Amino acid sequence: MKSTQRKRSNEIHYGSTDKALHVTTDQATSMKDQVVDLIEQSIRAIQAEGMLPEGELPKPQVDHTRDPKHGDLATNAAMVLAKKAGMPPRDLAAAIIERLPQNNMITKCDIAGPGFINFHISQASNIAVVETILTTSEEYGRSNEGQGRRVQVEFVSANPTGPLHVGHGRGAAIGDALCRLLDNAGWSVHREFYYNDAGQQISNLALSVKARIDGVEPGDTTWPADGYQGDYIKDVATAYQNKQTVNAADRTVTASGDAVDVANIQAFSVAWLRREQDEDLKAFDVNFDCYFLESSLYTSNAVEKTVETLIDNQFTYEQDGALWLRTTDFGDDKDRVMRKREGGYTYFVPDVAYHHNKWERGFERVINEQGADHHSTITRVRAGLQGLKTDISEGWPEYVLHQMVTVMRDGEEVKLSKRAGSYVTLRDLIDWVGRDATRYFLTARAATSQLTFDIDLALSKSNENPVYYIQYAHARICSVQRKALEQFGQWTAADGIQHLELLNSSEEQSLALVLSKYPEVLAGATKRLEPHAVANYLRDVAAEFHSFYNAHKIMEADEGISLARLALATATQQVIASGLRILGVSAPEAM
RNA sequence: GCGCCCAUAGCACAACUGGAUAGUGCACGUGCCUUCUAAGCAUGAGGUUCCAGGUUCGAGUCCUGGUGGGCGCGCCA
């Protein structure tokens, strides 16, 4: 597996196969890690005996089994190493088992199929995760892999020409979940929103508002070409005429009301739509540390300097009156124009300058969450950065691209077109199905998959949204805890730890097992930048809990059993609340 | 024509990045509320993982070539 991530000061290889999944926390080592350790010891012993060559060997895998008949954990070590050892996998498996160090966690291990080694874990070891969860509390699932290093995540980055649409919503949901995952893994996360407040699109915006002020409507002969036709343009015009003051997150503008002052109209319109987007984001509970203006790259001369450096480094040439960047030197399929014949720069030039700025701000990692329709910019931006001849590595910045969101309404597709002015907004979704369901739907699927958001379905079945399944488990646990308070008076989850050995049913054991996977699920989701894994995992946790809940009464006659089950339920509650927090979904105490 | 992404049950999607008998939710069949929340549980049916080759102990996953869909391929952003 190859990864062209960073090569600056601290060496990190996110793609490396070993260690990458190692959960670096101070908490008790997981069952899986312990088994990995045992197998490694055994293999070293075999190497010492000369049955396996010294030096580097293929890395065996240890996985949770799908089928309980295969025990709890399984390794392919014997199959992977059979060739090196020159012996049949099953024979090698026997040798590995023979040399496993003594331990009280494994009750049985056997050889199965082509040479798998299956490990059966004792119930006591399995249920012990409940104690780990309760005692490490909010630390459970956290790691310190990031070690406080700085990562910047740029997402949404919508231009202020209209309210956010569902595509932005997907970006907001995924981007924010990525931030929460990285924060959970010990990174210092900086959320940034980049937008253009001065280009052609913004001129069109100002002209559209001015047209509305002048009483011109879309379709009239004097309506501006490429004007924004949405009704919100009328609202901006009215607010402007009323000389309103607009407070957006990053700017405040008061309208003069002067119908011919295009500069003021433009400034006011940008602020008005920025505020509109702020409200969309607020309704979605997404916040940013910084709003970065494309225009600032011009006023600071960053764009000029970038161009000069690229010229000095001889990656450019003049042709047909334009200035070209030899992006083909860096894997592009054709060279790209930087400076147009009439003088202006193409859009990717400030983009390069912007990313150089990010680099100079010291972000060790930068992750850009964008719609897949912008994927062609990746090559250009990276090529531009390489052309600057700094020590930026080829794979910097990283990208997470989400595929299109198709919105179905009344059985037909609604085209997402900001310029046409007719599209479903993020706020529409939130109003219809709620923030939690919107967040969940938009993060529960892999970013690489196209997403069909069927509004009619979401409307008609709003009570059957999968997010409620998870929230319901949380609310149920809260309800039981309230009952326990009535029954026991003073009571804490820790009281049940000493009775955990009473939890020997398959439902209780299965629930504990799924809870024990939480740290590695988070580690995997963080490493692969795939928050949807968390959503899927939470559904599994909820399913195991509901099964447990239906099979066993928590508040039993026997106090020890009650306390033990309360401990298990509380550990479950903690994991669900933690996972939902990463997705930005609330964990209600009652439903 | 070229590049990127995708193709898995009727529908929408998973599958711990190469592991054992491919799972979950809707929808469909059958049971379960006098008992901590039935927004729940149990159970059944539903599959040639788009097609054809290849790599190896082993392929939904990797490689090659097709087919079908989305996006991009501008001196627009």
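Coordinates for the structure precede this section.
From a predicted model like this one, the values you see are computed outputs, not experimental measurements. (Residues numbered from 1 in each chain as written. Chains lettered and ligands numbered in written order. Predicted model: local features only at pLDDT ≥ 70, side-chain atom pairs only at ≥ 80, totals over all residues. Heavy atoms only, no water.)

1. Focus on the overall build of chain A
- In terms of regular secondary structure, chain A is built from 21 helices and 17 strands.
- Each principal axis of the C-alpha atoms in chain A carries an extent, and together these give about 85 × 65 × 40 Å.
- Counting over 591 residues, chain A shows a buried share of 53%.
- Put simply, 72% of the contacts in chain A that link residues at least 6 apart link residues at least 24 apart. (Helix = DSSP H or I, 4+ residues; strand = E, 2+ residues; numbered from the N terminus. Buried < 20%, exposed > 50% of the residue type's maximum accessible area, 1.4 Å probe, protein only. Contact = heavy atoms within 4.5 Å.)

2. Overview of the protein's contact with RNA strand B
- The full set close to RNA strand B counts 71 residues, and K334, Y469, Y472, R476 and S479 are the nearest of them.
- Among the atoms of RNA strand B close to the protein, meaning within 4 Å, 62% are from sugar or phosphate groups.
- Take N76: an N or O atom from its side chain is 3.1 Å from a base nitrogen of RNA strand B.
- Side-chain polar atom of S547 to a phosphate oxygen of RNA strand B: 2.7 Å apart, as the coordinates give it.
- Put simply, the parts of the chain that give the surface near RNA strand B at least two residues each are α2 (77-85), β4 (116-121), β11 (322-325), β17 (451-454), α17 (466-488) and α20 (532-551).
- Per element, the largest residue contribution to the surface near RNA strand B is eight residues, and it comes from α17. (Near = heavy atom within 4 Å. Polar contact = N/O pair within 3.5 Å; in protein donor to acceptor, adjacent residues only side chain to side chain.)

3. Focus on the packing of α2 against helix α3 (residues 89-98)
- The N-to-C vectors of α2 and α3 enclose an angle of 110°; their axes lie 8 Å apart at closest approach. In terms of orientation, α2 lies roughly perpendicular with respect to α3. Packed against α2, whose contacting residues are A77, A78, M79, L81, A82 and A85, the element α3 presents P89, L92, A93 and I96 at the interface.
- The residue inventory of the contact of α2 with α3, partitioned by class, reads ten nonpolar, no polar and no charged. (Axes fitted to C-alpha atoms, helices over the stretch in contact; angles between N-to-C directions. Parallel < 35°, antiparallel > 145°, perpendicular 65-115°, else oblique. Nonpolar A, V, L, I, M, F, W, Y, C, P; charged D, E, K, R; others polar.)

4. Here we look at the side chain of D335
- With respect to the helices, strands and loops of the structure, D335 is situated in the loop between β11 and β12 (336-339).
- Here Y317 takes part through its side chain, which lies 2.8 Å from a polar atom of the side chain of D335.
- Only 3.3 Å separates the side chain of D335 from the backbone nitrogen of T327, close enough to count as a polar contact.

5. Topic: the environment of G162
- As for its placement among the helices and strands, G162 is situated in the loop between β5 (150-154) and α6 (166-184).
- Taking the C-alpha atoms as reference points, G162 and L273, 111 residues apart in sequence, are found 6.1 Å from one another.
- Here G162 is in contact with Y232, L273, Q277 and Y423, once residues within four sequence places are set aside.

6. Considerations on the nonpolar core
- Counting 113 residues, the largest nonpolar core has V130, V156, F268 and L281 as its most contacted members.
- Tallying contributions element by element places helix α21 (residues 559-583) first for this core, with twelve residues.
- Beyond its immediate sequence surroundings of up to four residues, V156 is in contact with L164, H168, A172, F193, L281, F288 and E369.
- Core analysis: the second largest hydrophobic core is formed by 27 residues, Y194, L297, V307 and F348 among them. (Core = buried A, V, L, I, M, F, W, Y, C linked by side-chain atoms within 4.5 Å.)

7. Digging into unusual backbone geometry
- That bond from W396 to P397 is cis: its omega, 0°, falls within 30 degrees of zero.
- Structurally, the position occupied by P397 is in the loop between α13 (376-387) and β14 (398-402).
- You will see that S137, though not glycine, has its phi angle at about 55°, which is positive.
- Looking at where S137 falls in the secondary structure, it is placed in the loop between α5 (129-136) and β5.
- Notably, Q314 is not glycine yet its phi reads approximately 65°, a positive angle.
- Position of Q314 among the secondary structure elements: in the loop between α11 (302-312) and β10 (316-319).
- Using a relative accessible area of 58% as the deciding quantity, one classes Q314 as exposed.

8. Notes on α20
- Between its terminal C-alpha atoms α20 stretches 29 Å, which fits the 28 Å expected from 20 residues at 1.5 Å a residue.
- For α20, the complete set of buried residues consists of H532, V534, A535, Y537, L538, V541, A542, F545, H546 and F548.
- Buried residues along α20 sit against α6, α15 (435-443), α17, α18 (506-516), α19 (518-527) and α21. (Expected span 1.5 Å × (residues − 1).)

9. Digging into the packing of aromatic side chains
- Across all of its chains, the model carries 18 aromatic pairs by this definition.
- An angle of 85° between the planes, with centres 5.3 Å apart, marks the rings of F193 and F288 as edge-to-face. Of this pair, F193 sits in strand β6 (residues 188-195) while F288 sits in the loop between α9 (262-283) and β9 (290-293), and the two are 95 residues apart along the sequence. We note that F193, like F288, is buried.
- Taken together through their ring pairs, the aromatic side chains of F155, F193, Y195, F288 and Y291 make up a single cluster.
- In this structure, R274 packs its charged tip against the face of F193, placed 4.9 Å from the ring centre.
- Between the NZ or CZ atom of R439 and the centre of the ring of F284, over which it lies, the distance is 5.0 Å. (Phe/Tyr/Trp six-rings, centres within 6.5 Å; stacked < 30°, edge-to-face > 60°. Lys NZ or Arg CZ within 6 Å of the ring centre and 35° of its normal.)

10. Looking at the sheet that holds β10
- The three strands are arranged β10-β11-β12 in an open sheet whose pairing can be described as antiparallel. A strand with exactly one partner marks an edge of an open sheet, and here the two such strands are β10 and β12. Mean inter-strand twist for the sheet, computed between neighbouring axes without regard to direction, equals 45°.
- Bridge analysis of β10 against β11 gives four bridges, and the strand direction is antiparallel. Its bridge partner lying in β11, Y317 is registered against W324.
- Across the sheet, α11 touches β10, β11 and β12, and the angle it forms with β12 is around 125°. (Pairing = 2+ DSSP bridges.)

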